[in-house]
Amino acid sequence: MSTLTKLALGVMGQLRPRPARGEGRPAIKLPAPDRRGGMPLMQALAKRRSAREFLRKPLPLPVLSSLLWAAFGVNRRGGGRTAPSALDAQEIDVYVALPDGAYLYDARAHMLRRVAASDLRSITGYQDFVDDAPLDLVYVADHARLRMVPAAQRESYASAAAGAIAQNVYLYAASAGLATVIRAWIDRTAIADALGLSHDQQVLLSQTVGYPKA
Ligand SMILES: Cc1cc2nc3c(=O)[nH]c(=O)nc-3n(C[C@H](O)[C@H](O)[C@H](O)COP(=O)(O)O)c2cc1C
């Protein structure tokens, strides 16, 4: 769908998901992430960049597993995560839009739990490439987990936490030869409706990941 069509549909509140492609499952157990190897950090930083052209080629499950672990997985005893959060509130949820459905990443169980049995990728942003790239992530803040932070600071703390997760994805992508771009040009209401979010939950950013076209 073109950006113009999406903008028009968005204004009318008519941006709707597409039917799921392929058999989704209510829960997907991810294989263990590959915690070794990868590119040396300074080389990954040298390669980090945004890209907006993606192949339709799906991401294999082991790649999705390592990507999500790098993004915001549990990396130590006690439940600590790969990205920081104020007072360790861990208020960001990572939603995963795939062709066969939309899922919540359950980091403790390292599983995907389905929240919608339709293809929400096209809902995750106004830019046309989001429709067909194999993966769109959505970062959602749960303000209920930030009650100990003054209300005026909750959004900026959550945005900083989401930014750290996004950079983890950028670095994993650079290391694994994937392309990615973080995106704020999104219809937050359409995404919240499609994901069935509560009033405490706020859509912050989306991020597309896939194999580079060139
Ligand atoms: C908060 C934020 C929001 C962004 N939103 C978008 C977006 O909606 N669409 C897009 O194509 N790029 C978006 N970007 C990516 C920037 O355009 C990109 O990082 C910038 O052009 C620098 O390019 P680089 O990432 O390759 O260094 C966003 C970046 C940030 C940090």
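See the structure shown above.
Okay, so let's go over this structure.

Thresholds, definitions, all that
Residues numbered from 1 in each chain as written. Predicted model: local features only at pLDDT ≥ 70, side-chain atom pairs only at ≥ 80, totals over all residues. Heavy atoms only, no water. Salt bridge = Lys/Arg side-chain N within 4 Å of Asp/Glu carboxyl O. Helix = DSSP H or I, 4+ residues; strand = E, 2+ residues; numbered from the N terminus. Buried < 20%, exposed > 50% of the residue type's maximum accessible area, 1.4 Å probe, protein only. Phe/Tyr/Trp six-rings, centres within 6.5 Å; stacked < 30°, edge-to-face > 60°. Lys NZ or Arg CZ within 6 Å of the ring centre and 35° of its normal. Patch = residues over 30% accessible without salt bridge, like charges linked within 9 Å, V, L, I, M, F, W, Y side chains within 5 Å. Areas by Shrake-Rupley, 256 points an atom, 1.4 Å probe, with all protein chains shown as cover.

A few points about the pattern of salt bridges
Taken as a whole, this structure holds 12 salt bridges when the rule is applied. Residue Arg18 is joined to Asp132 by a salt bridge in which the shortest nitrogen-to-oxygen separation is 3.8 Å. Here Arg18 is found in strand β1 (residues 18-19), whereas its partner Asp132 is found in the loop between β6 (118-119) and β7 (135-142), with 114 residues between them in sequence. Owing to a relative accessible area of 23%, Asp132 belongs among the partly exposed residues under this scheme. The salt bridge involving Asp200 is made with Arg147; its shortest N-O contact spans 3.9 Å. Of this pair, Asp200 sits in the loop between α5 (188-195) and β9 (201-210) while Arg147 sits in the loop between β7 and α4 (151-176), placing them 53 residues apart in sequence. A relative accessible area of 35% means that Asp200 is categorised as partly exposed. Connected via shared salt-bridge partners are Arg18, Arg21, Arg56, Asp119, Arg121 and Asp132.

What about the packing of aromatic side chains?
Per the stated rule, a full pass over the model turns up two aromatic pairs. Arranged with centres 5.4 Å apart and planes meeting at 45 degrees, the rings of Tyr126 and Trp185 form a pair that is tilted. Taken together, the positions of Tyr126 in the loop between β6 and β7 and Trp185 in the loop between β8 (179-183) and α5 put the pair 59 residues apart, joining distant regions of the chain. For Tyr126, a relative accessible area of 12% translates into the label buried. Judged by its relative accessible area of 42%, Trp185 falls in the partly exposed class. Above the face of the Tyr170 ring, Arg48 is positioned so that its terminal group lies 4.8 Å from the ring centre. Here the guanidinium or amino end of Lys57 rests over the ring plane of Tyr211, the centre of that ring lying 4.1 Å away.

Examining a nonpolar patch on the surface
A cluster of nonpolar residues, Leu4, Leu7 and Trp185, forms a patch on the protein surface that exposes about 320 Å² of accessible area. Following the sequence through the fold, Leu7 ends up in helix α1 (residues 3-11).

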